[in-house]
Amino acid sequence: MDVKEIGKEILRDPILSRLSILAKEKNIPVFLVGGYIRDLFLGIHRKDYDFTLPKEAYSCIPMIEETLHLHFFKIGREEINTITYRIIKKDMSIDLTLFQGKRIEEDLQRRDFTINATAFSLKDETFHFVERALEDIRNRVIRAVSTYSIDQDPLRMLRAIRYLCTLDEFFLDKGLKEEISLKKDKIKKVPGERVKMELDQILLSPRPEVGMRSLYELGVLFVLMPGLMELENLVQNEHHHLNVLSHTLLMIEKVSWASGWIAQKGREISLSQEDWLSLYYAVLFHDIGKQDTYSKDEKGRVHFYHHEAFSCQRAESIMERLRFSNPMRNKILRLIQHHMRILNLSLETKESALKRLVNQMAEETPMLVLLTLADKEASRGILSIQIDEVVEGHSLRILDLFKEKESIHPPTLITGHDVMALGYPSGPKVGQILKFIREKQVEGEVKTREEALEILKVRFGIDREI
């Protein structure tokens, strides 16, 4: 599609057509910019719009709101000219900013990449491009607009990687790769929540493994998460064919494989966006504590005893710096803490033990299964292949048990008042006893209140121990 056809396509969009009529009637110099135009040249239609106005046209924003029958909310900081006026709806988003510069050409020169430095005047129906913009869109090249693009906003390093993961068959310009490698330490100045937002989009992209490997190859990964550096040359035991970091990066790729494998086996896993993110971050952090627990026995065999606990400690530090929410942080830590549970099960493991695991992991059970299968598949050592069928069989059975909701939430048969009636004071001991009864329910040994009370009296008469 040539430039002329793209212009016609823009004006066929109902929202853009209405704004174009407004711009002409009221002489408002409003420009459509960036991704919407880029995607049209790529044959992609989206409902994400970016607009820009000269600063002196700021007073026209209410007219734009009235035309759209929508209202903007503000994000950013006025003192550093980063204010964005935003509208978010279920199937659409709109961002409006004011010029960085006096003219549209100056504004485009301050944008991140040439493929985004495009504009269409809704008033005059004219296009504006920086040098090489159309060529780079055609050739699928991600190139910085200028040599100071990264200096203006170091977060653009992560944004370049995000485009690499979300735009099909695009690649980073050699000069941009060199600049990112050279300036990678600048990312330390970016607030943690902004960094996490870009990392989230990379991990939720169609190719998260491409993003994480690119961050590693360009040196950015170790700046963001220095604790991963020691994993680069950390050798493992005979369950693994790769060092710890290579294993971790491969696991990112194998999460998709695990999801597909489960679907092939006729099981269904439905995760929220936050669950997928929690899973990917748990993969990234699950073995980060191995550097603290490396040891060799008298036969030269490598061990990482209790590395899960050390991985949790290091992961907590990273998540605090990047401002993870508490619910997501807790979910990730639980997955890390328990990531060896299914891998350590044997062929002789009884179903009662599987039920206890499902009860303990509750709603995080499917995520643990995905993490386990990805871990198994990224471990192609001599010993790991011997347990493939065991791990796969247990994983499928655990998913089946997860569907039986009583495995997760058994009905309440007794309460703390029943326990305290035996003479126990209110406190942790009461909780331990209730937990024991719930486990017996999960295992199928206790089905009625009468059975629960009988166990309570026989096993937990005052002064008895669990």
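For the structure, check the block above.
Below or above, wherever it landed, is the structure these notes cover. (Residues numbered from 1 in each chain as written. Predicted model: local features only at pLDDT ≥ 70, side-chain atom pairs only at ≥ 80, totals over all residues. Heavy atoms only, no water.)

1. Description of the overall build of the protein chain
And then number 1: Along the protein chain, the regular secondary structure elements total 24 helices and eleven strands.
And then number 2: By its C-alpha atoms, the protein chain is 85 × 55 × 45 Å across when sized along the principal axes.
And then number 3: Here the protein chain, with 466 residues, has 52% of them falling under the buried criterion.
And then number 4: Relative to all contacts within the protein chain whose residues are 6 or more apart in sequence, the contacts with residues 24 or more apart total 69%.
And then number 5: A total of about 23000 Å² of accessible surface is found on the protein chain, and carbon and sulfur atoms cover 49% of it. (Helix = DSSP H or I, 4+ residues; strand = E, 2+ residues; numbered from the N terminus. Buried < 20%, exposed > 50% of the residue type's maximum accessible area, 1.4 Å probe, protein only. Contact = heavy atoms within 4.5 Å. Areas by Shrake-Rupley, 256 points an atom, 1.4 Å probe, with all protein chains shown as cover.)

2. Comments concerning the packing of helix α11 (residues 208-217) against helix α13 (residues 244-264)
And then number 1: Between α11 and α13, the least distance of the axes is 7 Å, while the angle of their chain directions is 155 degrees. Between α11 and α13, the angle is such that the two are roughly antiparallel. Every pair of crossing elements has a handedness; the one defined by α11 and α13 is right-handed. Contacts between α11 and α13 involve P208, E209, M212, R213 and Y216 on the former and, on the latter, L245, L249, L250, I252 and E253. (Axes fitted to C-alpha atoms, helices over the stretch in contact; angles between N-to-C directions. Parallel < 35°, antiparallel > 145°, perpendicular 65-115°, else oblique. Left-handed = near helix turned anticlockwise from the far one by under 90°.)

3. Observations concerning the nonpolar core
And then number 1: Counting residues in each nonpolar core, the largest one holds 126 residues, and the members touching the most others are I10, F51, I142, M225 and F285.
And then number 2: The element best represented in this core is α13, accounting for ten residues.
And then number 3: Beyond its immediate stretch of four places on either side in the chain, F285 contacts M225, S311, A315, I318, M319, I332 and I336.
And then number 4: Counting 13 residues, the second largest nonpolar core, distinct from the first, contains Y424, V430, I433 and F460. (Core = buried A, V, L, I, M, F, W, Y, C linked by side-chain atoms within 4.5 Å.)

4. A few points about the layout of surface pockets
And then number 1: In this model, the second largest pocket occupies a volume close to 660 Å³.
And then number 2: N237, H239, H240, M340 and N344 are the residues nearest the centre of the second largest pocket, which is lined by 28 residues in total.
And then number 3: For the lining of the second largest pocket, the secondary structure elements donating two or more residues are β11 (302-304), α16 (307-321), α19 (365-377) and α20 (382-385).
And then number 4: For the lining of the second largest pocket, the element with the highest residue contribution is β11, accounting for three residues.
And then number 5: In terms of residue class, the lining of the second largest pocket is made up of nine nonpolar, twelve polar and seven charged. (1 Å grid on protein atoms, 1.4 Å probe; cavity = no way out; pocket = protein on both sides within 12 Å on 5 of 7 lines; lining within 4 Å. Points joined across faces, edges and corners; volume = space filled by probe spheres on them. Nonpolar A, V, L, I, M, F, W, Y, C, P; charged D, E, K, R; others polar.)

5. Examining the packing of aromatic side chains
And then number 1: All told, the structure shown has 15 aromatic pairs when counted by the stated rule.
And then number 2: Where Y36 meets Y49, the ring centres are 5.1 Å apart and the plane angle is 25 degrees; that geometry is what we call stacked. Here Y36, found in helix α3 (residues 35-41), pairs with Y49, found in strand β2 (residues 48-53); they are 13 residues apart in sequence, far enough to count as distant. Each of the two residues, Y36 as well as Y49, counts as buried. (Phe/Tyr/Trp six-rings, centres within 6.5 Å; stacked < 30°, edge-to-face > 60°.)

Everything listed here is a matter of coordinates, which is why it stays silent on function.
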